[in-house]
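# Structural overview for review
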Amino acid sequence: MGRPSLKSIVEALRGAGHALVCDEPVDPDLELAEIQRRLYRSQAPAVLFTNVAGCRFPMLANLFGTIERARYVFRDTYESVRRAIELKIEPQAFFRQPTRYWKAPLTALAMQPRRVRSGPILHERIRLSELPQLRSWPLDGGPFITLPQVYTEDVNASGWRKSNLGMYRVQLSGNEYARDREMGLHYQIHRGIGVHHQAALRAGKPFRVNVFVGGHPAMTLAAVMPLPEGLPELTFAGALAGHRIPLVDGSAVDGNRDGRPSLYADADFCICGTVEPDRELPEGPFGDHLGYYSLQHPYPVLRVEQIFARKDAIWPFTVVGRPPQEDTTFGQLIHELTGPVIPTVLPGVKEVNAVDAAGVHPLLLAIGSERYVPYRSNDRPAELLTQANAILGHGQMSLAKYLFIVNAFDDPELDLHDIGRFFRHLLARVDWSRDLHFQTRTTIDTLDYTGDAINEGSKLVVAARGPVRRELATETPRDLRLPDGFNDPRLALPGVLVVQAPPAGDHRGEEYDPDLRRFCESSSFSAAGSTVALVTLVDDSRFAAETLNNWLWTTFTRSQPSQDVLGIGGFSERKHWGCLGPLIIDARLKPRQAPPLVEEAKISARVDARAAGGSMLSKWL
């Protein structure tokens, strides 16, 4: 039996009720993305669109639309991979329970990619303009590949053993790119491709890149997997796919030169190109996973040399936007597979949650453990701070902007993924005069525009332990008096108040926004004993308090700790900042920040009409 193609996987999904085929005409310019967003929200099946305007290739939506479907795709290998990870944590378990781990050698074998002379990917050559031109949001700078697998190899040690497979943004056309000859390649800070790019520059050699689309879904998941540096993503993909990933020697393909990275033989599409040295062009804007536009910036240009497609090629796609979206499923899968590893690489840390609703990188929650001096009744965080530093020094978690960490021993039943309960636990115990720890003038996520410049910002660690020190408000304080211009206070969570504030002005030359400072100096909260622990200043308090996800998204994607965090009774002592009363976070949208994503009304109306007109997708639209 041959290796499964994406087409055969779709057929299997159809047979299990997880996918269907839609032959109705659809437009890849905004309409298809609007349909996908609705399919995801409705937990609809995956849909293969076979009648895409201006494109001869079918497009697959919502493949990872539910966690149940994702588990079904990997049903034959998922448990084997989880058990292989268990053995990584505790190798001796193999000898204690050999029947549980009997497939481990097979999984290990599948982790080794293998060389092949040819493959389905080499069926035909096409032009860049023949690929689906998907545009997802009204202000997007052009069509993008939304599920790319960007593959590179080390120019000093070619081959898969030092390869990198990542999901980096690829703009197909638009802006100043030469039609059919150039694409934009956007990769963010702290990504493996940067190591390869730098090695090529130092060696004075061409930096060659292959972009795969499609193939086994294991390759897509592998491209977003936060694996340790030095562990090739292809090994994980092989384990999850259940077979050795087949690679065609890139240098042996007709027309290629020495140094071309390998081609994934089972991909549906492969774009081969070279990054032009010392040349950048404007890339973007692009609607991104924080729920805002990533603005236009200069990024490397990929000179396209060849594009291959298999005979039965399918173009899988997703839509990136304010979470939850389809990539939320990636986060769930990653947590299920790698969650047990965290305590082995971060001693004392029980669990970490990169909060999807807050855009992942802006907010981390963690449960640590205080073990340093168990014979003392001191409730001052100690080891929690060591663990927080370890978290912020580990891989992509280093991009976090806010990290809230608590002590496991204070509540052994605390569930890190019950976010409301986590905040109630922390806010009932936190001492704002002691438990705030800032890092300033450091790096943050490339897509986060709350700082003064790209990649530049600050971090805040809140470490709380000990007994309950306050009762949290369950209703808006009746005697609350707000400064002029502030109104409509609402409770978002016990102890968390959101207040509608005047629109933010451009105050980049000042240390703090004058309205934020005025609120802290003029509000009626007492400096001690308040049942309100945290106040968020927002543009729309009704929206921010409506759901927990709204509060998380508004608060942590629109604020920068060093600029937007103050408090009632604030003070500075020996370079430590704290406050005696409630903490205040200014989460208004600032002029320096990128605009939020908003659907185009006429496209929404078109999809509404499609639903009302008896489309086969009506029940999900």
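Preceding this paragraph is the structure being described.
For every chain, the first residue of the written sequence is number 1, and numbering continues from 1 along that sequence. For this predicted model, a pLDDT threshold of at least 70 governs which residues receive local features, and a threshold of 80 or more governs which side-chain atom pairs are given and counted, while totals over whole chains, interfaces and linings are taken from all residues. Neither water nor hydrogens contribute to the side-chain values; these are computed over all heavy atoms in the structure.

### A short note on the environment of Glu-471
- You can see Glu-471 is positioned in the loop between β23 (456–464) and β24 (487–493).
- Here's how the labels work: a residue is buried when its accessible area is under 20% of the maximum for its type, exposed when over 50%, partly exposed in between, all with a 1.4 Å probe on protein chains only. A residue is classified by how much of its surface remains accessible, and Glu-471, at 63% relative accessible area, is exposed.
- Sequence separation between Glu-471 and Arg-429 is 42 residues, and the spatial gap between their C-alpha atoms is 9.4 Å. Numbering of helices and strands runs from the N terminus, with a helix taken as a DSSP run of H or I at least four residues long and a strand as a DSSP run of E at least two residues long.

### A word on the side chain of Asn-210
- Checked against the element boundaries, Asn-210 lands in strand β11 (residues 207–213).
- The class for Asn-210 is buried, based on a relative accessible area of 0%.
- Within polar-contact distance, the side chain of Asn-210 engages the side chain of Arg-260 at 3.5 Å.
- Pairing of N or O atoms within 3.5 Å defines a polar contact, subject to two protein rules: one partner must be a possible hydrogen donor and the other a possible acceptor, and residues neighboring in sequence count only if both atoms are side-chain atoms. A distance of 2.9 Å separates the side chain of Asn-210 from the backbone oxygen of Ser-262, its partner in a polar contact.
- Any pair of residues with heavy atoms lying within 4.5 Å of one another is described as a contacting pair. With residues near it in sequence (within four places) discarded, Asn-210 still touches Gln-149, Val-150, Tyr-151, Arg-260, Pro-261, Ser-262, Leu-263, Cys-270, Ile-271, Cys-272 and Gly-273.

### Focus: unusual backbone geometry
- Here the amide bond leading from Gly-284 into Pro-285 is cis, since omega sits at 0°, within 30 degrees of zero.
- One can find Pro-285 in the loop between β14 (269–283) and β15 (286–287).
- In this model, Pro-323 is joined to Pro-324 through a cis peptide bond whose omega is 5°.
- Tracing the backbone through its elements, the reader meets Pro-324 in the loop between β18 (315–317) and α10 (327–338).
- For Gln-43, which is not a glycine, the phi torsion comes out positive at approximately 55°.
- Note on placement: Gln-43 falls in the loop between α2 (31–41) and β2 (46–49).
- With a relative accessible area of 59%, Gln-43 lands in the exposed category.
- Phi is positive for Val-360, close to 75°, though the residue is something other than glycine.

### Here's the deal with the nonpolar core
- The nonpolar core is taken to be a set of buried Ala, Val, Leu, Ile, Met, Phe, Trp, Tyr and Cys residues, with the residues joined through side-chain atoms within 4.5 Å. Core analysis: the biggest nonpolar cluster contains 60 residues, and Leu-363, Phe-404, Phe-423, Leu-427, Trp-551 and Leu-552 have the highest contact counts within it.
- Looking at this core, the element that brings in the most residues is helix α13 (residues 419–429), giving 6 residues.
- Ranked by size, the runner-up nonpolar core spans 51 residues in total, among them Ala-46, Val-73, Leu-263 and Leu-337.

### A word on the packing of helix α8 (residues 217–224) against helix α9 (residues 233–241)
- Here, axes are lines fitted to C-alpha atoms. For helices the fit covers the stretch in contact, and angles between N-to-C directions go from 0 to 180 degrees. For the pair α8 and α9, interaxial distance at closest approach is 8 Å and the crossing angle is 140°. When the axis of α8 is compared with that of α9, the two are oblique. When you trace α8 past α9, the crossing you get is right-handed. Between α8 and α9, the residues in contact are Ala-218, Met-219, Leu-221 and Ala-222 and Glu-233, Leu-234, Phe-236, Ala-237, Leu-240 and Ala-241, respectively. These descriptions rest on fixed angle ranges, namely under 35 degrees for roughly parallel, over 145 for roughly antiparallel, 65 to 115 for roughly perpendicular, and the rest for oblique. In this scheme the handedness of a crossing depends on how the near helix is turned from the far one: anticlockwise by less than a right angle means left-handed, clockwise means right-handed.

### Remarks on the pairing of strand β26 (residues 534–538)
- Counting buried positions over the 5 residues of β26 gives 5, a clear majority of the element.
- Neither face of β26 is left uncovered, since the one carrying Leu-534, Thr-536 and Val-538 and the one carrying Val-535 and Leu-537 both have all their residues buried.
- When DSSP finds two or more bridges between two strands, those strands count as paired. Inspection of the sheet shows strand β25 (residues 496–500) paired to β26 by 5 bridges, in the parallel sense. Bridging from a neighbouring strand, Val-499 pairs with Leu-537 of β26.

### Observations concerning the pattern of salt bridges
- Salt bridges are identified by distance alone: a Lys or Arg side-chain nitrogen within 4 Å of an Asp or Glu carboxyl oxygen. Evaluation of the coordinates by the stated rule reveals 42 salt bridges.
- For the salt bridge of Arg-465 with Glu-370, the shortest nitrogen-to-oxygen distance reads 3.7 Å. Residue Arg-465 is located in the loop between β23 and β24, and its partner Glu-370 is located in the loop between β20 (363–368) and α12 (383–392); the two are separated by 95 residues in the primary sequence. Of the two residues, Arg-465 and Glu-370, both sit in the buried class.
- A salt bridge links Arg-558 to Asp-539; the shortest N-O distance between them is 3.6 Å. Taken together, the positions of Arg-558 in the loop between α16 (548–557) and α17 (561–564) and Asp-539 in the loop between β26 and α15 (541–546) put the pair 19 residues apart, joining distant regions of the chain.
- With relative accessibility at 30%, the residue Asp-539 sits in the partly exposed group.
- Put simply, Asp-513, Asp-515, Arg-518, Asp-564, Asp-586, Arg-588, Lys-590 and Arg-592 are held in one network by salt bridges that share partners.

### Observations concerning the sheet that holds β24
- With mixed pairing, 5 strands are arranged side by side in an open sheet as β24-β25-β26-β30-β27. Two strands close off the open sheet at either side, each with one partner strand: β24 and β27 (565–567). Put simply, the sheet's adjacent strands are angled 25° from each other on average, direction ignored.

### Quick word on the pairing of strand β30 (residues 583–586)
- Both faces of β30 are covered, namely the face carrying Leu-583 and Ile-585 and the face carrying Ile-584 and Asp-586.
- Here 4 bridges tie β26 to β30, and the two strands are oriented parallel to one another. Pairing of Thr-536 across the sheet is with Ile-585, part of β30.
- Pairing between β27 and β30: 3 bridges, direction antiparallel. Bridge assignment links Gly-567 to a residue of β30, and that residue is Leu-583.

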